[in-house]
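# Geometric and topological summary
Below, each chain spelled out in residue letters.
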Amino acid sequence: MTGNLILLGLAVFVTIMGLVGYKVGLSKMIMSVTFGLIVIILVNLLLPLTVSRVNKSSIQKKVYERVDTIVLTAIDANNEDVLKTSDTGKKKIVASLPLPKSIKDDINKNCNDLGFQKYEVKSFKDYLVKYITDLVIKAITYCLLFLGISILLAMLGHIVGLAKGFTVVYMFDSFLGAAVGIFGAVLMIWILSILLTAVGTHGLGLDLMKAVSSNKILSWIFDNNPLMQLINIVA
């Protein structure tokens, strides 16, 4: 039920953005979306260095401890044998985690000697904790960078205001503005997916993550987020 409500909210958001784009016109919407794309490019350039710094802070320790609790719940601490079971048993544990399919698939794919070596761990449980912690740290860093750079650019350049200098035919301006507005909404949904990953280990965020993973359409949106895929490449 929660998943359907989220899906409805996203549909309303996309519709509103389309209507806003239709009203304000192509030029302003292009500048608005261009602003967002510039921010995304800068975020991805700064992400690797920033993630490295965050991993050395107290934030990493707090996230690790929270993720460790979630993983222990999924594994069931009273059943130590589960850590030594076959790949099938481990996949069942991964399947029980409140994560979208794409993340679960990647966890299973990298659950091998190379994956253990990458995260400097020796056990399946430690691998899970380090993998999810690393993902959450990247998402938190991405969101903070996105917010900070957006505020900084808005203050320095007033970029959106530059759209006033554009002139185009009114009808095409409105319809193309609606199209760009919808694209901007999709862009924001991708950013919200990253934000959900960042807060998905606590309270409401954890409940929302469960709702996403249990809804096929929301899972598809989450699994096909190119920004999240880019995060795993650059950081």
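Below, the structure is looked at part by part. (Residues numbered from 1 in each chain as written. Predicted model: local features only at pLDDT ≥ 70, side-chain atom pairs only at ≥ 80, totals over all residues. Heavy atoms only, no water.)

## Comments concerning helix 5 (residues 101–109)
Note the cut-off: Categorising residues by exposure relies on relative accessible area from a 1.4 Å probe, with only protein chains included: less than 20% of the type maximum marks a residue as buried, more than 50% marks it as exposed, and the intermediate range marks it as partly exposed. Going along the chain from the N terminus, every DSSP run of H or I of four or more residues is numbered as a helix, and every run of E of two or more is numbered as a strand. To obtain the arc, one takes the directions from the helix axis to the C-beta atoms.
Listed in full, the buried residues belonging to helix 5 are I103, K104 and I107. With its buried residues spanning 100 degrees around the axis, helix 5 presents them on a single face. What points out from helix 5, more than 90 degrees from its buried face, is the exposed set K101 and K109.

## A word on the side chain of N225
Our working definition: Residue contacts follow a heavy-atom distance rule, with two residues in contact if any of their heavy atoms lie within 4.5 Å.
Structurally, N225 can be placed in the loop between helix 10 (216–223) and helix 11 (226–234). Given a relative accessible area of 1%, N225 falls into the buried group. Excluding anything up to four places from it in sequence, N225 contacts W190, S193 and I194.

## A look at the pattern of salt bridges
The condition is simple: Each salt bridge in this description consists of a side-chain nitrogen of Lys or Arg and a carboxyl oxygen of Asp or Glu lying within 4 Å of one another.
Applying the stated criterion to the full structure yields four salt bridges. Note that D126 and K125 form a salt bridge whose closest N and O atoms lie 3.7 Å from each other. With relative accessibility at 26%, the residue D126 sits in the partly exposed group. Across the salt bridge formed by D134 and K138, the nearest N and O atoms sit 3.3 Å from each other.

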